[in-house]
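# Examining the three-dimensional arrangement
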Amino acid sequence: MKDDAHTVLECHDVGVTYGDVVALSDVSVSFIRGRIHAVVGQNGAGKTTFARVIAGLVKPASGRVEIEGRAVPTGNVNEARRAGVELVHQSFALPPSFTVAEAMQFGATDGGVYSRKQLETRWQKHLDALDIKVSAGQRIRDLPVETQQSVEIARALVTEARLLILDEPTAVLSPEGAQKLFERVRHLKDIGVTVILILHKIREVLSVADTVTVLRGGRLVEGPIESDGIDAAKLAELIIGPATRALDEDDRAALTGAAIPVHHTQATATDAQSPVLKMNAVSTRSDPEGPPLNAIDLTIHQGEIVGVAGVEGNGQRTLVRAISALADVSSGDIQIDGKDVTTAPMKMRRLSGLRVIPFERNVEGLSLSSALWQNWSIRSLLQKSLVSAIQPTQLRRDCATALDSWDVHYDNVAQHAGSLSGGNAQKVILSREMDEGARLILAAQPTRGLDIGATAFVWDSLRRAKSRGCGILFISSDLDEIMDVCDRIVVMLSGHVAGTFEPPYDLTEIGAAMTGVGQ
Amino acid sequence: MDDTIIAILRSGTPLIYVTLAGVIAQRAGIWHLGLEGLMIIGACATILVITATGSVAIALSVAILLCVLTSILFWFVVEKLKANQIIAGLGLTGLGLGGTTFAVEAIFGSQAAVSAPFGLPRLGPWFGSFGSLSILVLLMPLFVFGMWLLLRRTRFGLRLAATGEHPFAARSVGVRTDLIRLSALMIGGVLCAIGGAELAAGSLQIFSTNMTAGRGFMAFTAVIFGAGHPIGATFAALFFAIVGALGIRAQLLFGDRVPHDLLLGLPYIATVFGIWLSAKLRGGTRAISNFGELRDS
């Protein structure tokens, strides 16, 4: 038993199950007050669930949570907040139409009728005290993500928070933004707030955290360990565990963020071949779904993987929508495999060899309530005419063959796509979109939310497609991944290309381009 | 001129009360298509209880109680049984329209209308030609202001807006979104009862079956038209009332020279036009999906 006076949080045998899935099992861990604790693990390790249990958002099936030596009723946000626990979510939880001041007030615990001016004055003071440079009257939706995150942190500190949990705070930040965040976290530690950082990059863990705790498959592997006493290689081993497949040294580094990866494979592209994608000064009309493109020039050759880096929300989605006929192109032209498709509908583009692995696997990629064979056969059906006859038996058979060859784990092709795990669902999309007819593949965040095995599988598939001569546009918010996989990197900032980089990559230069420094 | 203003206030006041009920539900994330049903329950209960007991106070209390209870039922079906809001709302409207017709027939036989000996208290001669309006007309601006204050200037209002716009954010700070929706619907129930009472007993003192004649749906339209903002929606409701009153004036003026049906349809044509205009000004479908868009500054 540790000294209670120094323990801020203690979990005993916490277990959480979602339906049949065990998210956490028998996690017992305790954290010392006044330090920065990192909790690491791969996707699906149970990090977010762990954070939500402590914050009272998820009620564990078993176990106890003690804060500062006092048992707190689980599954109750108000009790957790009263005990001083605040959680900042990975995807922020602030209503976009609120002003900053309203977002603060809505999380506060006092105050009756207010005037707008009173509210803004009150919370401006709070923001200034935390050195967050934002006006209290601005709307959440008008703020860049880094500021939104700062506001969310300020929101978490409106009450006397003694334990602040940040869930994957660096996932939406540029490298420079992450450094600023870590400074802020150190400042919070100085004023006596205990911080738990949920992270997945070892580099970041070692640079900011005092201790590190490793979760894998919902279980506590080890921790808290003093971060002075552990090196990147050992930590990577704890996170990955006995890997199911042998990983290349660089891939391993990229997966765990242990070291900055060095891209060493050569592009097989030659300029003599006609490019599979050529965009000349493409601009799009503004629409509510994201910033418009602003004179984008982009060329992808056969056998080349081009990475798009950038802080999320800088036009990456619009780029994908413009190439796949979903955004209005106002000027410029788009060619796929030498054919002008600027005004062509999606069907023509797909016939030209365009394939899309979309951002939202479960919304845009698959119809979760439809059968696997229906999801799979939509590619061939979309390329036929509307009145062509369909032979379901044949499609089911072809689907089974394709899914087997892509190593998808499923019971039968009639089961709903929603019953597959994230990795398997993504493999269904890959088997559909990376067929022999593919010339240009848009891979939008293809590894988001996948565990290490599935991520490595996606990378392998992309590399195989590249060696077949496909051109690939690879969009990710994880720079390590982009630097490991891509032959060339373009950085997007507010809808235009802010820089193009060739290997060997320089993280600092790419990071600077992402935030627009030095322009 | 006074006649026209009186006609506008007479038809606009019940509509505005019901619109406020729609606004608070919309902000809490509920598309309230049961307004029509609640309104007619309020109207029917008021007249029947005045007839039975001779007390306006008891009649209003019973109307409010019934509408609040029905609203709780609606909440239970939508929130706890996870039924589709639109279907449940239409069901509630059906329950109101059918239930009141059934009640009137059960008590008075096949009679389609019931008149009470008297209605709500009137403003009286002190107000000159406006004296025939009920006191609920005078109280209406207070309710509008009160609703604005509640929704836009209190923490409850912020939590209610968050519940509608980003329920996860609301739950993250410990808001019980189910209870917020319950309170929004209960407040809405009170307002619908008042709106119904004003309709049946404000200037008339009669209940006839199906007398709401789509006013609940018109109120719902005003909510969308006014982008979910209490003041905006009130003006939208007032706009419908003005168009309606002008339609009646036009009938008197043009007589047989213009088809009668066209003039009767005028408010509805204006509604369609108004919604088109508001969507155009605020940018297409966003006006409807982001109802929190119109903000007072």
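Residues numbered from 1 in each chain as written. Chains lettered and ligands numbered in written order. Predicted model: local features only at pLDDT ≥ 70, side-chain atom pairs only at ≥ 80, totals over all residues. Heavy atoms only, no water.

### Looking at helix α1 (residues 47–55) of chain A
Stated precisely, the cut-off is as follows: With a 1.4 Å probe rolled over the protein chains alone, any residue whose accessible area is under 20% of its type maximum counts as buried; one over 50% counts as exposed, and the rest are partly exposed. Strands are runs of DSSP state E lasting at least 2 residues, helices are runs of H or I lasting at least 4, and numbering of each runs from the N terminus.
In terms of burial, α1(A) is a largely internal element, 7 of the 9 residues being buried. Looking at the residues trailing α1(A), positive phi occurs at A:Gly56, about 85 degrees.

### Topic: the interface of chain B and chain A
Stated precisely, the cut-off is as follows: Pairs of residues are marked as contacts when any of their non-hydrogen atoms sit within 4.5 Å. Salt bridge, as applied in this entry: a Lys or Arg side-chain nitrogen positioned within 4 Å of an Asp or Glu carboxyl oxygen. In protein, a polar contact means a hydrogen-donor-capable atom and an acceptor-capable atom, both N or O and within 3.5 Å, with residues adjacent in sequence counting only if both atoms are side-chain atoms; elsewhere, any N or O pair within 3.5 Å suffices. In this count, Pro and Cys sit with the nonpolar residues alongside Ala, Val, Leu, Ile, Met, Phe, Trp and Tyr, while Asp, Glu, Lys and Arg are called charged and the others, Gly among them, polar.
Residue-level contacts link 23 residues of chain B with 31 residues of chain A. On the surface where chain B and chain A come into contact, there are 1 salt bridge. Between A:Glu102 and B:Arg152 there is a salt bridge whose closest N-O contact spans 3.9 Å. Our count for the chain B to chain A interface comes out at 9 residue pairs in polar contact (both at pLDDT 80 or more). When residues of the side of chain B that touches chain A are traced back to their parent elements, those giving at least two are α5 (135–152), α6 (155–165) and α7 (167–172) of chain B. Per element, the largest residue contribution to the side of chain B that touches chain A is 6 residues, and it comes from α6(B). Here the residues of the side of chain B that touches chain A sort into 8 nonpolar, 5 polar and 10 charged.

### A look at the domain arrangement of chain A
Interface size, as often reported, equals the accessible area lost upon joining of the parts. Selection criterion: The split of the chain into domains comes from an automatic or database domain assignment.
Annotation of chain A at the domain level lists domain 1 (7–249), domain 2 (250–353 + 437–519) and domain 3 (371–434). The gap between the C-alpha centroids of domain 1 of chain A and domain 3 of chain A is 39 Å.

### Structural notes on the sheet that holds strand β7 (residues 163–167) of chain A
Sheet strands associate in pairs through backbone hydrogen bonding, adopting either a parallel or an antiparallel arrangement. Residues and elements named next belong to chain A. In plain terms, the rule: Pairing between strands is defined by DSSP: at least two bridges between the two strands are required. Axes, fitted as lines to C-alpha atoms, cover a helix only where it is in contact. Angles between the N-to-C directions of the axes lie from 0 to 180 degrees.
As summarised here, the arrangement of the 6 strands in space is β6-β7-β8-β3-β9-β10, forming an open sheet in which the pairing is mixed. Of all strands in the sheet, those bounded by a partner on one side alone are β6 (85–88) and β10 (219–226). Geometrically, the sheet is characterised by an average inter-axis angle of 15 degrees between neighbouring strands, direction not taken into account. Packed onto the sheet, α1 meets β3 (36–40), β6, β7, β8 (194–199) and β9 (211–216) and runs at close to 145 degrees relative to β6. Contacts from helix α5 (residues 145–156) reach β6 and β7, with the element oriented near 165 degrees to β6.

### Concerning the pairing of β9(A)
Residues and elements named next belong to chain A. Among the 6 residues in β9, 5 count as buried, and that is most of the element. Sheet topology note: the β3/β9 ladder contains 4 bridges and is parallel. Looking across to β9, one finds that Ala38 is bridged to Val212.

### So, the pairing of strand β13 (residues 304–309) of chain A
Residue and element names in this part refer to chain A. Counting buried residues in β13 gives 6 out of 6 residues, a clear majority hidden from the surface. Burial along β13 is two-sided: Glu304, Val306 and Val308 and Ile305, Gly307 and Ala309, pointing in opposite directions, are all buried. Sheet analysis places β13 next to strand β18 (residues 471–475), joined by 5 bridges and oriented parallel. Residue pairing in the sheet places Val308 in a bridge with Ile475 of β18. Where β13 meets strand β19 (residues 488–493), 4 bridges bridge the pair, whose relative direction is parallel. Across the sheet, the residue bridging to Gly307 is Ile489, located in β19.

### Overview of the sheet that holds strand β2 (residues 21–32) of chain A
Residues and elements named next belong to chain A. Read across the sheet, 4 strands follow the order β2-β1-β4-β5 without closing on themselves; strand pairing throughout is antiparallel. At either end of the open sheet lies a strand with only one pairing partner, and these are β2 and β5 (70–72). Taking the axes of each pair of neighbouring strands and ignoring which way they run, one obtains an average angle of 25 degrees across the sheet. Sheet analysis places strand β4 (residues 62–67) next to β5, joined by 3 bridges and oriented antiparallel. Each residue of the ladder has a partner; that of Val65, found in β5, is Val72. Along the sheet face, α1 touches β1 (7–18), β2 and β4 and points at about 65 degrees away from the line of β2.

### Section: the pattern of salt bridges
Residue and element names in this part refer to chain A. Counted according to the given criterion, the structure contains 31 salt bridges over all chains. Put simply, Arg35 and Asp210 hold a salt bridge, and the shortest N to O gap is 4.0 Å. In this pair, Arg35 sits in the loop between β2 and β3 while Asp210 sits in the loop between α7 (202–208) and β9, placing the two residues 175 residues apart along the sequence. A relative accessible area of 23% means that Arg35 is categorised as partly exposed. Since its relative accessible area comes to 15%, Asp210 is described here as buried. Across the pair Glu86 and Arg155 runs a salt bridge whose closest N-O atoms are separated by 3.2 Å.

### Comments concerning a nonpolar patch on the surface
In plain terms, the rule: The residues that make up patches have over 30% relative accessible area and no salt bridge, and they are joined within 9 Å when like-charged or within 5 Å when they are Val, Leu, Ile, Met, Phe, Trp or Tyr. Accessibility throughout is a Shrake-Rupley quantity obtained with a 1.4 Å probe, and a residue counts as covered only by protein chains that appear here.
A contiguous nonpolar surface patch, about 340 Å² in accessible area, is contributed by B:Ile86, B:Ile87, B:Leu90 and B:Phe217. According to the relative accessible area criterion, B:Ile87 is exposed, its value standing at 59%.

### Things to note about the packing of aromatic side chains
This is how the line gets drawn: By convention, a stacked pair of Phe, Tyr or Trp rings (six-membered ring in the case of Trp) has centres within 6.5 Å and planes under 30 degrees apart, an edge-to-face pair has planes over 60 apart, and any other such pair is tilted. Distance and angle both matter: a charge sits over a ring if NZ of Lys or CZ of Arg is within 6 Å of the ring centre and within 35 degrees of the ring normal.
Evaluated as defined, the whole model comprises 10 aromatic pairs over all chains. Residues B:Tyr17 and B:Phe143 carry aromatic rings whose centres are separated by 5.2 Å and whose planes lie at 75 degrees to one another, so their mutual orientation is edge-to-face. Of this pair, B:Tyr17 sits in helix α1 (residues 2–27) while B:Phe143 sits in helix α5; the two residues are 126 residues apart in sequence, bridging distant segments of the chain. Using a relative accessible area of 0% as the deciding quantity, one classes B:Tyr17 as buried. The ring of A:Phe359 has A:Arg317 sitting right over it, with the charged end atom 4.3 Å from the ring centre.

### Side note on helix α15 (residues 422–433) of chain A
All names here are of chain A. As a reminder, the rule being used: One fewer than the residue count of a helix, multiplied by 1.5 Å, yields its expected span.
For α15, with 12 residues, the first-to-last C-alpha span of 16 Å sits near the 16 Å given by 1.5 Å per residue. α15 sits mainly inside the fold: 11 of its 12 residues count as buried. Turning to α15, its buried residues are Gly423, Asn424, Ala425, Gln426, Lys427, Val428, Ile429, Leu430, Ser431, Arg432 and Glu433.

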